[in-house]
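Chain by chain, the residues:
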Amino acid sequence: RNYPNDGPVTAEFEQAVAALCGVPFAVATTSGTAALFLGLKACGIEAGDEVLVPDITFVATANAVTLAGAIPVLVDVDPETFCMDVAAAETAITPRTRAVIPVHISGRAADMTGLCDLARRHELRVIEDAAEALGSKLGGQSLGSLGDVGCFSFTANKVITTGQGGMVVTSSPEVYARLRELKDHGRPR
């Protein structure tokens, strides 16, 4: 499928990343930060919402939350994995919390079982920052495929590089439609 600003190579790359992640949908972006921003907006994050972010991550994770008009809330990490601590995340939840962004540091998986359970109990969206985790798996499932969306980066220091670029993956047809709409400025396919 071609979209207004996408050529056949981009479409082929999207299909390859979706297949690698075991999800039906992928949308190429200009950067990993853009992927996070689009993922947040496609999941309904709005101005004033709070989003939980681990306190050990690249600044782009929190910047994407701010770009979306939301408020990043820093959460302590597990000292062994350097990924978001589930208990710390639970204590950081307020009535304004709408999402959690687990970051898979250097391909090491965050506690997705615990974080997804926490998200379900508190009706939060899960936007995985899998910028450094393309190809990494947890229990046979690809990191980036366990939340509402997974976001990847292809900048020069990542697992693979396109010089710059990013990707958002999802299993949700509704989220995918919203991602396309946001990326293509509302233009029809």
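Before any of the text, the structure's been laid out above.
All of the points below concern the structure found in this document. Because the structure is predicted, anything quoted here is derived from the model rather than measured.

## Describing the sheet that holds strand S4 (residues 97-100)
Moving on, step 1. What the seven strands build is an open sheet, ordered S1-S9-S8-S5-S4-S2-S3; its pairing is mixed. The open sheet terminates on both sides in strands that have one partner only, identified here as strand S1 (25-29) and strand S3 (71-75). Sheet twist, expressed as the average angle between the axes of neighbouring strands with direction ignored, equals 25 degrees.
Moving on, step 2. In this sheet, strand S9 (residues 166-170) lies alongside S1 in antiparallel orientation, the contact comprising five bridges.

## Some remarks on the nonpolar core
Moving on, step 1. If you look at the biggest cluster of nonpolar residues, it comprises 60 residues, and the most contacted ones within it are Leu40, Val51, Leu52, Ile101 and Ile127.
Moving on, step 2. Setting aside residues up to four positions removed in sequence, Val51 forms contacts with Leu40, Ile45, Val65, Ala70, Ile71, Pro72, Val73, Ala99 and Ile101.

## Remarks on the pairing of S1
A regular strand carries its side chains on alternate faces of the sheet.
Moving on, step 1. Along S1, five of the five residues are buried, which leaves the element largely enclosed by surrounding structure.
Moving on, step 2. Covered by surrounding structure in S1 are Phe25, Val27 and Thr29 together with Ala26 and Ala28, the residues of both alternating faces.

## What about helix H2 (residues 32-42)?
Moving on, step 1. Of all 11 residues in H2, eight are buried, a share of seventy percent or more.
Moving on, step 2. Those residues of H2 that fall on the buried side of the exposure criterion are Gly32, Ala34, Ala35, Leu36, Leu38, Gly39, Leu40 and Ala42.
Moving on, step 3. Capping the start of H2, Ser31 holds a side-chain oxygen 3.4 Å from the backbone nitrogen of Thr33, two or three residues further along.
Moving on, step 4. Among the residues trailing H2, Gly44 stands out with phi positive, at a value near 85 degrees.

## A short note on the packing of aromatic side chains
Moving on, step 1. Applying the stated rule across the entire model yields two aromatic pairs.
Moving on, step 2. Pairing Phe13 with Phe154 gives two aromatic rings, centres 5.1 Å apart and planes at 55 degrees, and the pair type is tilted. Taken together, the positions of Phe13 in helix H1 (residues 8-21) and Phe154 in the loop between strand S8 (149-153) and S9 put the pair 141 residues apart, joining distant regions of the chain.
Moving on, step 3. What makes Phe13 partly exposed here is its relative accessible area of 26%.
Moving on, step 4. Ring centres of Phe25 and Tyr176 lie 4.4 Å apart, and the angle between their planes is 20 degrees; on these two criteria the pair is classed as stacked. Remark: Tyr176 occurs in helix H6 (residues 173-183) and Phe25 occurs in strand S1; sequence separation between them is 151 residues.

## A closer look at unusual backbone geometry
Moving on, step 1. Of note in this structure, Phe82 is not a glycine but carries a positive phi near 65 degrees.
Moving on, step 2. In this fold, Phe82 is placed in the loop between S3 and helix H4 (86-92).
Moving on, step 3. Phi is positive for Ser106, close to 50 degrees, though the residue is something other than glycine.
Moving on, step 4. Its location among the elements puts Ser106 in the loop between S4 and helix H5 (112-122).
Moving on, step 5. Look at Ser106 and you get exposed, because its relative accessible area is 51%.

## Brief notes about the pattern of salt bridges
When the charged atoms of two side chains with opposite charge come close together, those side chains can pair.
Moving on, step 1. If you walk through the whole model with that rule in mind, you get six salt bridges.
Moving on, step 2. Between Arg121 and Asp117 there is a salt bridge, and its shortest N-O distance comes to 3.1 Å. On the criterion of helical spacing, the pair formed by Arg121 and Asp117 is a turn pair, its members being four residues apart in helix H5.
Moving on, step 3. With a relative accessible area of 45%, Arg121 lands in the partly exposed category.
Moving on, step 4. The structure contains a network of salt bridges with shared partners spanning Glu90, Asp117 and Arg121.

What counts and how
- Residues numbered from 1 in each chain as written.
- Predicted model: local features only at pLDDT ≥ 70, side-chain atom pairs only at ≥ 80, totals over all residues.
- Heavy atoms only, no water.
- Pairing = 2+ DSSP bridges.
- Helix = DSSP H or I, 4+ residues; strand = E, 2+ residues; numbered from the N terminus.
- Axes fitted to C-alpha atoms, helices over the stretch in contact; angles between N-to-C directions.
- Core = buried A, V, L, I, M, F, W, Y, C linked by side-chain atoms within 4.5 Å.
- Buried < 20%, exposed > 50% of the residue type's maximum accessible area, 1.4 Å probe, protein only.
- Contact = heavy atoms within 4.5 Å.
- Polar contact = N/O pair within 3.5 Å; in protein donor to acceptor, adjacent residues only side chain to side chain.
- Phe/Tyr/Trp six-rings, centres within 6.5 Å; stacked < 30°, edge-to-face > 60°.
- Salt bridge = Lys/Arg side-chain N within 4 Å of Asp/Glu carboxyl O.

So far we have only geometry, and geometry alone does not tell us how the molecule works.
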